[in-house]
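Okay, here's what each chain looks like letter by letter:
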Amino acid sequence: PDEMKLDLIRDPIRKARLSLLEEGQKVKKKAREIQSLALTYAGLAEDHGKLVDDIDYYENSLKEEEEDLQKEIAELKSRGIEKKDFEDNYHYRSAKDSVARVKKSIADSKKKLERIEYQLKAKGVSANEALKESEKFQAQADKFHEQAAEFANPETQKKLAEKFAKEIALREKERVKTPLDQ
């Protein structure tokens, strides 16, 4: 149907514009789809790296917080306070809460990391490969964007209009040779 629509157009310039517009739209759509893939892979790789860094940071913080908690326990014991009364001490509760917060942050980050790794596995790539895939997809998208820009170039339109003018002239010539009466 699209080809028939173009065949009905007799003006080569209009035909070239319409043809290039349709092809340009198809190419732009393909470029957007591929660029979306590139952004997905890049996002997964970036999120993976950030979560790995966050977990390392939280694990180091946990060691520090646990040391602080142990110091607080030692301080309370040195003052003769029994373990059952530790909860009454503000500094002990604060240190204990800090340890709990950091442990929760580690657990949350590990859950997020598992989800990211599951998504990467579903795509059949590792985090490092995801970044390479992203770059590959972006290069493909760039080529499609260049192709779309070429379709919008007036020089391309002029060349295609000349081609269509020759085709239309040839069809007219052929139509004269074969009358409808035969």
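Conventions adopted
- Residues numbered from 1 in each chain as written.
- Predicted model: local features only at pLDDT ≥ 70, side-chain atom pairs only at ≥ 80, totals over all residues.
- Heavy atoms only, no water.
- Helix = DSSP H or I, 4+ residues; strand = E, 2+ residues; numbered from the N terminus.
- Rg over C-alpha atoms; globule rule 2.2 N^0.38 Å.
- Buried < 20%, exposed > 50% of the residue type's maximum accessible area, 1.4 Å probe, protein only.
- Contact = heavy atoms within 4.5 Å.
- Areas by Shrake-Rupley, 256 points an atom, 1.4 Å probe, with all protein chains shown as cover.
- Lys, Arg positive; Asp, Glu negative; His and termini not counted.
- Charge placed at Lys NZ, Arg CZ, Asp CG, Glu CD.
- Patch = residues over 30% accessible without salt bridge, like charges linked within 9 Å, V, L, I, M, F, W, Y side chains within 5 Å.
- Salt bridge = Lys/Arg side-chain N within 4 Å of Asp/Glu carboxyl O.
- Core = buried A, V, L, I, M, F, W, Y, C linked by side-chain atoms within 4.5 Å.
- Expected span 1.5 Å × (residues − 1).
- Polar contact = N/O pair within 3.5 Å; in protein donor to acceptor, adjacent residues only side chain to side chain.
- Axes fitted to C-alpha atoms, helices over the stretch in contact; angles between N-to-C directions.
- Parallel < 35°, antiparallel > 145°, perpendicular 65-115°, else oblique.
- Left-handed = near helix turned anticlockwise from the far one by under 90°.
- Nonpolar A, V, L, I, M, F, W, Y, C, P; charged D, E, K, R; others polar.

Visitor: What should I look at first to understand the overall build of the protein in this one?
Guide: In terms of helices and strands, the protein carries 5 helices and 0 strands. In sequence order, the secondary structure elements of the protein are arranged as α-α-α-α-α. What you see for the protein is a C-alpha radius of gyration of 34 Å, clearly larger than the 16 Å of a compact globule of 182 residues, by over 25%. Within the protein, the proportion of its 182 residues that are buried is 27%. In the protein, once contacts between residues fewer than 6 apart in sequence are set aside, the share between residues at least 24 apart is 77%. Within the structure as shown, the protein displays about 13,500 Å² of accessible surface, and the carbon and sulfur contribution to it stands at 52%. Taken as two groups, the 39 positive and 40 negative side-chain charges of the protein have centres that lie 6 Å from each other.

Visitor: Where do I start with a negative patch on the surface in this structure?
Guide: Together, Glu 64, Glu 66, Glu 67 and Asp 68 make up a negatively charged patch on the protein surface. Residue placement: Asp 68 occurs in helix H2 (residues 12-78).

Visitor: Explain the nonpolar core here, please?
Guide: When a protein is soluble and globular, its nonpolar side chains tend to lie buried together. Core analysis: the largest hydrophobic core is formed by 15 residues, its most contacted members being Tyr 41, Ile 116, Leu 120, Val 125, Ala 130 and Phe 137. Secondary-structure elements contributing two or more residues to this core are H2, helix H3 (90-123) and helix H4 (127-152). Looking at this core element by element, the count peaks at 7 residues for H2. Contacts of Val 125, omitting those with residues within four sequence positions, involve Tyr 41, Leu 120, Ala 130 and Glu 133.

Visitor: When you look at H3 in this model, what are you seeing that I'm missing?
Guide: Residues separated by three or four positions in an α-helix point in the same direction, a consequence of the helix having 3.6 residues per turn. Relative to the 50 Å expected for 34 residues at 1.5 Å per residue, H3 spans 49 Å between its end C-alpha atoms, a close match to the ideal helical length. What H3 keeps buried is the set Tyr 92, Ala 95, Ser 98, Val 99, Val 102, Ile 106, Ser 109, Leu 113, Ile 116 and Leu 120. Two or three places before His 91, at the opening of H3, Asn 89 has a side-chain oxygen 2.9 Å from that residue's backbone nitrogen. Gly 124 sits one or two residues past H3 and shows a positive phi near 80°.

Visitor: Is there a simple way to explain the environment of Lys 71 in this structure?
Guide: Secondary-structure assignment places Lys 71 in helix H2. What makes Lys 71 exposed here is its relative accessible area of 56%.

Visitor: Looking at this model, I keep getting lost on the packing of H2 against H4. Mind explaining?
Guide: Between H2 and H4, the least distance of the axes is 7 Å, while the angle of their chain directions is 160°. Taken together, the axes of H2 and H4 are roughly antiparallel relative to one another. Here H2 runs over H4; the crossing is left-handed. Its residues placed into classes, the contact of H2 with H4 shows 17 nonpolar, 8 polar and 4 charged.

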